[in-house]
Amino acid sequence: MKRRIVFTGGGSAGHVTVNLALIPHFIKLGWEVAYIGSATGIERELVANHPHVRYIGISSGKLRRYFDWRNVSDPLRVLKGIWQASRFLGKWKPDVIFSKGGFVSVPVVFGGWLNRLPVVIHESDLTPGLANKLAVPFSSKVCVTFPDTLSKVPKNKGIHVGAVVREELKQGRKEAGLAYCSFTAKKPVLLVMGGSLGARRINEAVRHSLTALLEQFSIVHICGKNQVDETIRIAGYKQFEYVQKELPDLLAMADFVVSRAGSNAIYEFLALQKPMLLIPLSREASRGDQILNAQSFERQGLCHVLLEEELTDDRFIQAVNDLQKNRESILQRMREENEKKTDALMQVLAILQETARVN
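The rules behind each value
Residues numbered from 1 in each chain as written. Predicted model: local features only at pLDDT ≥ 70, side-chain atom pairs only at ≥ 80, totals over all residues. Heavy atoms only, no water. Helix = DSSP H or I, 4+ residues; strand = E, 2+ residues; numbered from the N terminus. Rg over C-alpha atoms; globule rule 2.2 N^0.38 Å. Buried < 20%, exposed > 50% of the residue type's maximum accessible area, 1.4 Å probe, protein only. Contact = heavy atoms within 4.5 Å. Areas by Shrake-Rupley, 256 points an atom, 1.4 Å probe, with all protein chains shown as cover. Salt bridge = Lys/Arg side-chain N within 4 Å of Asp/Glu carboxyl O. Domains from an automatic or database assignment. Buried area = accessible area lost by both parts, 1.4 Å probe. Polar contact = N/O pair within 3.5 Å; in protein donor to acceptor, adjacent residues only side chain to side chain. Phe/Tyr/Trp six-rings, centres within 6.5 Å; stacked < 30°, edge-to-face > 60°. Lys NZ or Arg CZ within 6 Å of the ring centre and 35° of its normal. UniProt positions renumbered as here; feature names shortened; annotations may be inferred.

With that out of the way, let us pick up the overall build of the protein. When helices and strands are tallied, the protein shows 14 helices and 13 strands. The C-alpha radius of gyration of the protein comes to 20 Å, within 12% of the 21 Å expected for a compact globule of 359 residues. In terms of overall dimensions, the protein has C-alpha extents of about 60 × 45 × 40 Å along its principal axes. The proportion of buried residues among the 359 residues of the protein is 55%. Within the protein, contacts between residues separated by at least 24 positions form 65% of all contacts whose residues are at least 6 apart in sequence. As presented, the protein carries roughly 16,600 Å² of accessible surface, and 52% of it is formed by carbon and sulfur atoms.

Next up, the structure:
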């Protein structure tokens, strides 16, 4: 009988990318793979590219720290999700569950605990998110990206593995990226990624600054769902709502990156040695985890940071220009940092295989 694994995580692309990095390895090893996510979340769309993965959509509710009337109804959605997840897990009987976090993962982890199934959690950020905090007591192991995160999880569960980077991102071709965007190699390329959530403010800054920036750069702009401005058609500026299979080529083409500061993304840029300007989500829009991630990278000389509260058109243009001026020093620090890295993906793969129950 084939071994089985369930992946979960969603709400944003950052809660899915590590799962997408691991899934092909388990398929290659002959495991049966299922993914439990929300019925309509971004994870469903991303996992759809893997035809060998069974997708199960469940009910989930957002776990808010602030007052909202939906805080009254969402616990019922979470309870429904626990019932749905527990029912599937009890029938399918996976050998191990891997949770990347996000609100949809809480019912799955709890459902796994009810079925006495081993659960491995992955925490990318410097400080654990609320969903992972709730899930840790019901887990067997907690893999962390930042070594400092070990102090925030139980000692008998925490394992520092580093950043899991998708292998396909390393296979991109610069020439293919240039052709896809109809760019030439005459100017350096600035890649802007606002993320699946919270992209609007970065999108505005980029579009207000196009005239100045296009004098020096070709710009490829991944805007987020429903964020493409069809009225802007300028040579050297290419917009996409979202990119999947072409992303490795766009990254290979990029000389500089402007991005939010989700842990998965910034470690991927580090692995690919892409000098980055990070604009973390503000504390008003998040729990502040992206600010901590960005500050950690900035202290190591791996990026420049522009806080959203300080984001104006002039400061944005100046920050991009400063990034270009300091390109070589940032690349040197990136090379030094990458020399220290271990293969986090293989470590997590081994931990999951070791943690899987013995049939």
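On we go from here.
What follows covers the pattern of salt bridges. By the definition in use, this model includes 12 salt bridges. The closest approach of N and O atoms between glutamate 230 and arginine 233, which form a salt bridge, is 3.5 Å. In this structure, lysine 340 and glutamate 337 form a salt bridge, with 3.6 Å as the shortest nitrogen-oxygen distance. A residue pair is termed a helical-turn pair when its members lie 3 or 4 positions apart in one helix, as lysine 340 and glutamate 337 do in helix H13 (residues 327-340) at three residues. Look at lysine 340 and you get exposed, because its relative accessible area is 58%. For glutamate 337, a relative accessible area of 9% gives the class buried. One connected set of salt bridges, linked through shared partners, spans Arg333, Glu336, Glu337 and Lys340.

Here the focus is the domain arrangement of the protein. Each assigned domain of the protein is listed here: domain 1 (4-162 + 342-355) and domain 2 (168-340). The straight-line distance from the C-alpha centre of domain 1 to that of domain 2 is 28 Å. With both sides pooled, the region where domain 1 packs onto domain 2 buries about 1,500 Å², and carbon together with sulfur makes up 47% of that total. On the domain 1 side of the interface with domain 2, the three residues burying the most area are Asp125, Leu126 and Phe146, jointly 31% of the side's total. Run the count over domain 1 and domain 2 and you get zero salt bridges. The interface formed by domain 1 and domain 2 holds six residue pairs in polar contact (both at pLDDT 80 or more) in total. At the level of elements, helix H1 (17-28) and helix H2 (42-47) are the ones that each hand at least two residues to the side of domain 1 that touches domain 2. A total of three residues in the side of domain 1 that touches domain 2 trace back to one element, the largest contributor, which is H2.

So, about the packing of aromatic side chains. Under the criterion given, the structure shown has 12 aromatic pairs. On the basis of an interplanar angle of 70 degrees and a centroid distance of 6.0 Å, the ring pair of phenylalanine 7 and phenylalanine 26 is categorised as edge-to-face. In this pair, phenylalanine 7 is assigned in strand S1 (residues 4-8) and phenylalanine 26 in helix H1, connecting sequence segments 19 residues apart. Accessibility classification places phenylalanine 7 together with phenylalanine 26 in one group, the buried group. Feature note: the residues Phe7, Phe26, Trp31 and Phe98 constitute an aromatic cluster, connected by ring pairs. Directly above the ring of tryptophan 113 sits arginine 116, whose terminal nitrogen or CZ lies 5.4 Å from the centroid.

UniProt's entry tags Ser12, Ala13, Gly14, Arg166, Ser196 and Gln290 with the feature "binding site: UDP-N-acetyl-alpha-D-glucosamine" (unreviewed entry), counted in the numbering of this structure. Position of glycine 14 among the secondary structure elements: in the loop between S1 and H1. Apart from residues no more than four positions distant in its own chain, glycine 14 is found in contact with Lys100 and Asn264.

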